Amino acid sequence: MQPYFYKIQEISTGRYYVGCQYGRESNPGNLWKTYFTSNKYINSKTPSEFKIITIQPRMDAREYERKYLSRCYRMLGRERFMELLINRNLAPGILNTPE
């Protein structure tokens, strides 16, 4: 088990998605091989439509993801956050849009 935080970018739009994988099967080498995020939009695309910006092994990957998204939201504001990030929640249960 090696939890990690990652940031990917959709090549065609330039939008980012940040996430993490944690748990027994977590391994940074899994991204785009056996782990393809939990996001429905990204999973409807092919991995070749994205590029990996960063992968950071971290024992606090889930908490770091939450803090990272919250910081982006505070710095960018809601509208700019929604334009630049594919993410639609700051943490489980905290939605930015009704969808």
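**Here's the deal with the overall build of the protein**
- Of regular secondary structure, the protein possesses two helices and five strands.
- Moving toward the C terminus, one meets the helices and strands of the protein in the order β-β-α-β-α-β-β.
- The C-alpha atoms of the protein give 13 Å as radius of gyration, which agrees with the globular expectation for 99 residues (13 Å, within 12%).
- Its C-alpha atoms give the protein principal-axis dimensions of about 35 × 30 × 20 Å.
- Counting the 99 residues in the protein, one finds 40% classified as buried.
- When contacts within the protein are restricted to residue pairs at least 6 apart in sequence, long-range pairs at least 24 apart make up 55% of them.
- For the protein, the distance from the average position of its 16 positive side-chain charges to the average position of its 9 negative side-chain charges is 3 Å.

**A few points about the side chain of Asn87**
- You can see Asn87 is positioned in the loop between helix H2 (61–84) and strand E4 (89–91).
- The exposure class of Asn87 is buried, given its relative accessible area of 2%.
- Of the polar contacts made by the side chain of Asn87, one reaches the backbone oxygen of Val18; its length is 2.8 Å.
- Here Asn87 is in contact with Tyr16, Tyr17, Val18, Glu65, Leu69 and Phe81, once residues within four sequence places are set aside.

**Re the environment of Val18**
- You can see Val18 is positioned in strand E2 (residues 16–21).
- By relative accessible area, Val18 is classed as buried at 0%.
- Considering only alpha carbons, one finds Val18 and Tyr35, 17 residues apart in sequence, at a separation of 14 Å.
- Residues in contact with Val18, not counting those within four places in the same chain, are Phe5, Tyr6, Lys7, Glu65, Tyr68, Leu69 and Asn87.

**Topic: the sheet that holds strand E1 (residues 4–10)**
- Strand order in the open sheet formed by three strands is E2-E1-E3, with antiparallel pairing between adjacent strands. With partners counted over all chains shown, the strands left at the sheet margins are E2 and strand E3 (50–57), one partner each. Sheet twist, expressed as the mean angle between neighbouring strand axes with direction ignored, is 20 degrees.
- For E1 and E3, the ladder comprises seven bridges, and the chain directions are antiparallel. Directly across from Ile8, in E3, lies its bridge partner Ile52.
- Those strands touched by H2 are E1, E2 and E3, and its axis lies near 165 degrees from that of E2.

Cut-offs and rules
- Residues numbered from 1 in each chain as written.
- Predicted model: local features only at pLDDT ≥ 70, side-chain atom pairs only at ≥ 80, totals over all residues.
- Heavy atoms only, no water.
- Helix = DSSP H or I, 4+ residues; strand = E, 2+ residues; numbered from the N terminus.
- Rg over C-alpha atoms; globule rule 2.2 N^0.38 Å.
- Buried < 20%, exposed > 50% of the residue type's maximum accessible area, 1.4 Å probe, protein only.
- Contact = heavy atoms within 4.5 Å.
- Lys, Arg positive; Asp, Glu negative; His and termini not counted.
- Charge placed at Lys NZ, Arg CZ, Asp CG, Glu CD.
- Polar contact = N/O pair within 3.5 Å; in protein donor to acceptor, adjacent residues only side chain to side chain.
- Pairing = 2+ DSSP bridges.
- Axes fitted to C-alpha atoms, helices over the stretch in contact; angles between N-to-C directions.

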